[in-house]
Amino acid sequence: MDFLVSHFAEILFYILAALAVLGSIGVITLKNPVHAALSLLGTFFIVAVLFILQHAEFLAAVQVMVYAGGIMVLFLFVIMLVSARGLTTQAAFLSPLVPVAVIGAILVGALIASAVLLGVFATGNAGPEALQTVDGEVLGNTEAVGMVLYTKYLVPFEVVSVVLLVAMIGAIVFGRKDRFIEEHEGEVGS
Amino acid sequence: MPEPILQLLLIPLIKIVVLLVVVLLIVAYLTYAERKILAYMQVRLGPNRVGPKGWLQPVADGLKLFVKEDLVPGGAEKLVFMIAPAIVMVPALVMFAVVPFGEPFKVAGISVTPYLADINIAILFILGVSSLGVFGIILGGWSSNNKFSLMGGLRSAAQMVSYEIPMGFAVASAVLMAGTLSMVGIVEAQRTAQWWFMFPGILGFGIYWVCGVAETNRNPFDLPEAEAELVAGFHTEYSGMKFALFYLAEYANMMIVSAMAVVLFCGGWLPPFPNLLAGLWALPVLAWIPGAFWFLAKMSFFLFCYIWFRGTFPRYRFDQLMNVGWKWLFPLSLANVMLVALGVLLLKG
């Protein structure tokens, strides 16, 4: 019982981490795309809880709001519009097994290597306070993230937003392409 | 009993039970109020058979839905069909955890807070959790294996995603004025400012309220269940308790949207017009009125507005709905956030 109480966060972390891995396996193995999307939704949710365990409450809330609330709705929307029932009989994504396995192994290796290098050698264990502190004052995760994002990382932040804007414009251009060509079809030849 | 167990387990558990009972009771009598008010607006009597003046009508309705046969249509995606109502209901109830109904008070020496949690991301928590409810509607519509249900679910998804954005910006304008994301902090900021945020933030308040009505799929934005076109939209195939869960979740969401409006823009549990009538509210006759009374009174007003709208406005067409959302509310809410930010900067900085 004492062990349970003193190691509650760690135990919770391992349970949740296992569930997250199970959820992400479900995403690529479930044959019904809607079930896969639901599995992904569950994984997002568990990742949000993991953020909370690390005292990154702002990230957790944004994770739920943006990924679970926004992006997953659009996923489901698309899946339903392309008539999911017709897709359910198709094989899962895993058919070219060997190349996928090789790429996956390389990526997992890189992930573990970077986690070990960054976690142990580079920064050490910063602890949860680092995620809550602004100028040596504990204010909260929202303030800490906002402060870092708009001062230290302002330029990368703006660059990323421009990249996203370009991607959005690109999506609109692709979406409207057919209509544009139809409207201007006669003009090129004449 | 050791203090930590009392503090960590017993009090929150009691609070959770009380909260659930109160919320579900209000929801039950909200359905009664809606039928009665609509009836009077249309010069009818409304429910008046079960109990005096129909007071026991919600009990009868609940009993009926409870014992009704639970149908699952052939060709339905069974698992998803079963969990969809729960996915709608759970977020609707979870959100009440951070709603501050009143000020902290003392009972027998123990300080009791009339809210479950005062977390420093309460606003984000509510926005995040509220965006999960839409999954139940989409999945319920999709799993029913019914064209009308699927249409209802898709409409609902499009509508909720569209109106979430201006709603988020409108909420952000109140957060800017308060300078905190905690619900309790926002009410306290209005006490300090001596103003409800409604008055300096009237534009944000208007946008919030319109989006709030749209987010709960109520008139004039009830396209996901437009009965003239879609039978009953996403819950056409649902019966018995599963239907009841959709129904209860809709009213619980109305309560949350109203409660958020009260907290963000109308001073939460503070008495009305704190700047003009402060002397009046300090009188001993009136000072004993608990904050929860003011909170519930303000919330009831917004709930009445919901019913009022339903009795008054015709339904939008879908393209009109999208126009209002994207071409009017979205740019307006963006401009509003910038204006409020500028105002806060000039006044405070």
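Above this text sits the structure in question.
Note that this is a predicted model, so its numbers are computed, not measured. All residue numbers here refer to positions counted from 1 along the written sequence of the relevant chain. By the order in which they are written, chains take letters starting at A while ligands take numbers starting at 1. Only residues with pLDDT of 70 or above have their local features reported here, since the model is predicted, and side-chain atom pairs are shown and tallied only from 80 upward, although totals for entire chains, interfaces and linings are computed over all residues. No hydrogens and no water enter the side-chain calculation; it runs on all heavy atoms of the structure.

1. Some points on the overall build of chain B
Working step 1: If you tally the helices and strands in chain B, you get 14 helices and two strands.
Working step 2: Its C-alpha atoms give chain B a radius of gyration of 21 Å, near enough to 20 Å, the size a compact globule of 349 residues would have.
Working step 3: Oriented by its inertia axes, the alpha-carbon framework of chain B measures out at about 60 × 55 × 45 Å.
Working step 4: Any residue under 20% of the maximum accessible area for its type is buried, any over 50% is exposed, and the rest in between are partly exposed; the area is computed with a 1.4 Å probe on protein chains only. A burial count over chain B gives 50% of its 349 residues as buried.
Working step 5: By the convention used here, residues are in contact when the closest approach between their heavy atoms is within 4.5 Å. For chain B, contacts bridging at least 24 residues in sequence account for 78% of all contacts bridging at least 6.
Working step 6: By element, 74% of the accessible surface of chain B is carried by carbon and sulfur atoms, the whole surface being about 16,200 Å².
Working step 7: Charged residues are defined narrowly, with Lys and Arg counted positive, Asp and Glu counted negative, and His plus the chain ends left uncounted. Lysine's charge is taken at NZ, arginine's at CZ, aspartate's at CG and glutamate's at CD. A distance of 6 Å separates the average location of the 21 positive side-chain charges in chain B from that of its 18 negative side-chain charges. Starting at the N terminus, helices and strands are each numbered in turn, a helix being any DSSP run of H or I of at least four residues and a strand any DSSP run of E of at least two. Note on method: radius of gyration uses C-alpha positions; expected globular size equals 2.2 Å times residues raised to 0.38. Computed with a 1.4 Å probe, the accessible areas rest on the Shrake-Rupley method; for each residue, only the protein chains presented here act as cover.

2. A short note on the overall build of chain A
Working step 1: Along its length, chain A carries eight helices and two strands.
Working step 2: Walking chain A from its N terminus toward its C terminus, one meets helices and strands in the order α-α-α-α-α-α-β-β-α-α.
Working step 3: When burial is assessed residue by residue, chain A has 21% of its 190 residues classed as buried.
Working step 4: Partitioning the intrachain contacts of chain A with sequence separation of at least 6 by distance along the chain shows that 54% fall at a separation of at least 24.
Working step 5: Total accessible area on chain A stands at roughly 13,300 Å², and carbon and sulfur atoms take up 76% of it.

3. Concerning helix H2 (residues 8-29) of chain A
Residue and element names in this part refer to chain A.
Working step 1: What a helix should span is 1.5 Å times the count of its residues minus one. Look at H2: 32 Å from first C-alpha to last across 22 residues, which is about the 32 Å you get at 1.5 Å a residue.
Working step 2: The complete set of buried residues in H2 reads Leu-16, Ala-20, Gly-23, Gly-26 and Val-27. The buried residues of H2 occupy one face: seen down the axis, they fall within an arc of 115°. For H2, the exposed residues lying more than 90 degrees away from the buried face are Tyr-14 and Leu-22.
Working step 3: Of the surrounding elements, those touching the buried residues of H2 are helix H3 (33-53). Directions are taken from the helix axis to each C-beta atom, and the arc is the one they span.

4. Details of the interface of chain A and chain B
Working step 1: Tallying the contact residues gives 23 residues for chain A and 25 residues for chain B.
Working step 2: Between chain A and chain B, a total of about 2,100 Å² is buried, with carbon and sulfur atoms accounting for 78% of that surface.
Working step 3: Salt bridges, as used here, are contacts in which a Lys or Arg side-chain nitrogen is within 4 Å of a carboxyl oxygen on Asp or Glu. Remark: the boundary between chain A and chain B carries zero salt bridges.
Working step 4: Here a polar contact means two N or O atoms within 3.5 Å. Within protein one must be a hydrogen donor candidate and the other an acceptor candidate, and residues neighboring in sequence count only if both atoms are side-chain atoms. Seen at the junction of chain A and chain B, the total is zero residue pairs in polar contact (both at pLDDT 80 or more).
Working step 5: Taken together, the elements giving at least two residues each to the side of chain A that touches chain B come down to H3, helix H4 (57-81) and helix H5 (84-87) of chain A.
Working step 6: The element best represented in the side of chain A that touches chain B is H4(A), accounting for 13 residues.
Working step 7: For this scheme, ten residues count as nonpolar: Ala, Val, Leu, Ile, Met, Phe, Trp, Tyr, Cys and Pro. Four count as charged, namely Asp, Glu, Lys and Arg, and the remainder, Gly too, count as polar. Residue classes in the side of chain A that touches chain B are distributed as 16 nonpolar, five polar and two charged. Two parts placed together each lose some accessible area under a 1.4 Å probe, and adding up what both lose gives the buried area.

5. What to know about empty space enclosed by the protein
Residues and elements named next belong to chain B.
Working step 1: Only protein atoms enter the calculation, which uses a 1 Å grid: trapped sets of points that fit a 1.4 Å probe without letting it out are cavities, open sets showing protein on both sides within 12 Å along at least five of seven lines are pockets, and any residue with an atom within 4 Å of a point is a lining residue. Grid points are joined across faces, edges and corners, and a volume is the space filled by probe spheres set on the points. Considering all chains together, one arrives at one cavity of 30 Å³ or more under this definition.
Working step 2: Every residue lining the largest cavity is counted, 23 residues in all, and those nearest its centre are Ser-130, Met-160, Glu-215, Thr-216 and Asn-253.
Working step 3: At the level of elements, helix H4 (122-130), helix H5 (133-143), helix H6 (147-178), helix H8 (202-215) and helix H10 (240-265) are the ones that each hand at least two residues to the lining of the largest cavity.
Working step 4: Top contributing element to the lining of the largest cavity by residue count: H10, with seven residues.
Working step 5: Here the lining of the largest cavity is built from residues that sort into 15 nonpolar, five polar and three charged.

6. Let's talk about H8(B)
Residue and element names in this part refer to chain B.
Working step 1: The terminal C-alpha atoms of H8 lie 20 Å apart, and with 14 residues this matches the ideal 20 Å at 1.5 Å per residue to within 8%.
Working step 2: Extensive coverage of H8 is indicated by the burial of 10 of its 14 residues.
Working step 3: All buried positions along H8 are accounted for by Gly-204, Phe-205, Ile-207, Tyr-208, Trp-209, Cys-211, Gly-212, Val-213, Ala-214 and Glu-215.
Working step 4: Each element contacted by the buried residues of H8 is listed here: H6, H10, helix H13 (291-312) and helix H14 (318-348).
Working step 5: Phi turns positive, to about 60°, at Asn-217, one or two residues after H8.

7. Thoughts on the nonpolar core
Residues and elements named next belong to chain B.
Working step 1: Within this scheme, the nonpolar core is defined by two criteria: the residues are buried Ala, Val, Leu, Ile, Met, Phe, Trp, Tyr or Cys, and they are joined through side-chain atoms within 4.5 Å. Grouped together as the largest cluster of nonpolar side chains are 114 residues, with contacts concentrated most on Phe-96, Ile-123, Tyr-208, Leu-264, Phe-265 and Phe-295.
Working step 2: Looking at this core element by element, the count peaks at 15 residues for H10.
Working step 3: What Phe-295 contacts, discounting residues up to four positions off in sequence, is Val-99, Pro-100, Phe-101, Ala-259, Val-262, Val-263, Gly-268 and Trp-269.

8. Some details on the packing of aromatic side chains
Residue and element names in this part refer to chain B.
Working step 1: Here a pair means two rings of Phe, Tyr or Trp (six-membered ring of Trp) with centres within 6.5 Å. Their orientation is stacked below 30 degrees between planes, edge-to-face above 60, and tilted elsewhere. Evaluated as defined, the whole model comprises 25 aromatic pairs over all chains.
Working step 2: For the ring pair Tyr-29 and Tyr-32, a centre distance of 6.1 Å and an interplane angle of 70° mean the geometry is edge-to-face. Here Tyr-29 and its partner Tyr-32 are both found in helix H1 (residues 3-41), three residues apart, which amounts to about one turn of the helix.
Working step 3: The partly exposed category is assigned to Tyr-29, whose relative accessible area is 26%.
Working step 4: Judged by centre distance (5.4 Å) and plane angle (25°), the ring pair of Phe-221 and Tyr-316 falls under stacked. One end of the pair, Phe-221, is in the loop between H8 and helix H9 (227-230); the other, Tyr-316, is in the loop between H13 and H14, and 95 residues separate them in sequence.
Working step 5: Residue classification places Phe-221 among the buried positions, given a relative accessible area of 4%.

9. Some thoughts on the environment of B:Gly185
Working step 1: Residue placement: B:Gly185 occurs in helix H7 (residues 183-193).
Working step 2: For the pair B:Gly185 and B:Asn120, spaced 65 residues apart in the sequence, the C-alpha separation amounts to 8.5 Å.

10. Looking at a nonpolar patch on the surface
All names here are of chain A.
Working step 1: A surface patch of nonpolar side chains, amounting to about 790 Å² of accessible area, comprises Met-147, Val-148, Leu-149, Tyr-150, Tyr-153, Leu-154, Val-155, Val-159 and Val-163.
Working step 2: Here Leu-154 shows up in helix H8 (residues 154-189).
Working step 3: Classification of Leu-154 as partly exposed rests on a relative accessible area of 33%. A patch consists of residues exposed above 30% relative accessible area that lack any salt bridge, with like charges linked at up to 9 Å and nonpolar side chains (Val, Leu, Ile, Met, Phe, Trp, Tyr) linked at up to 5 Å.

11. Describing the environment of A:Tyr14
Working step 1: In this structure, A:Tyr14 sits in helix H2.
Working step 2: C-alpha of A:Tyr14 to C-alpha of A:Ile52: the two residues are 38 residues apart in sequence and 14 Å apart in space.

12. Focus: the side chain of B:Glu215
All names here are of chain B.
Working step 1: Relative to the elements of secondary structure, Glu-215 occurs in helix H8.
Working step 2: Buried charge without a partner: Glu-215 forms no salt bridge, and the closest opposite charge is Arg-218, 14 Å away.
Working step 3: Here Glu-215 is in contact with Gln-159, Met-160, Tyr-163, Glu-164 and Met-167, once residues within four sequence places are set aside.

So far we have only geometry, and geometry alone does not tell us how the molecule works.
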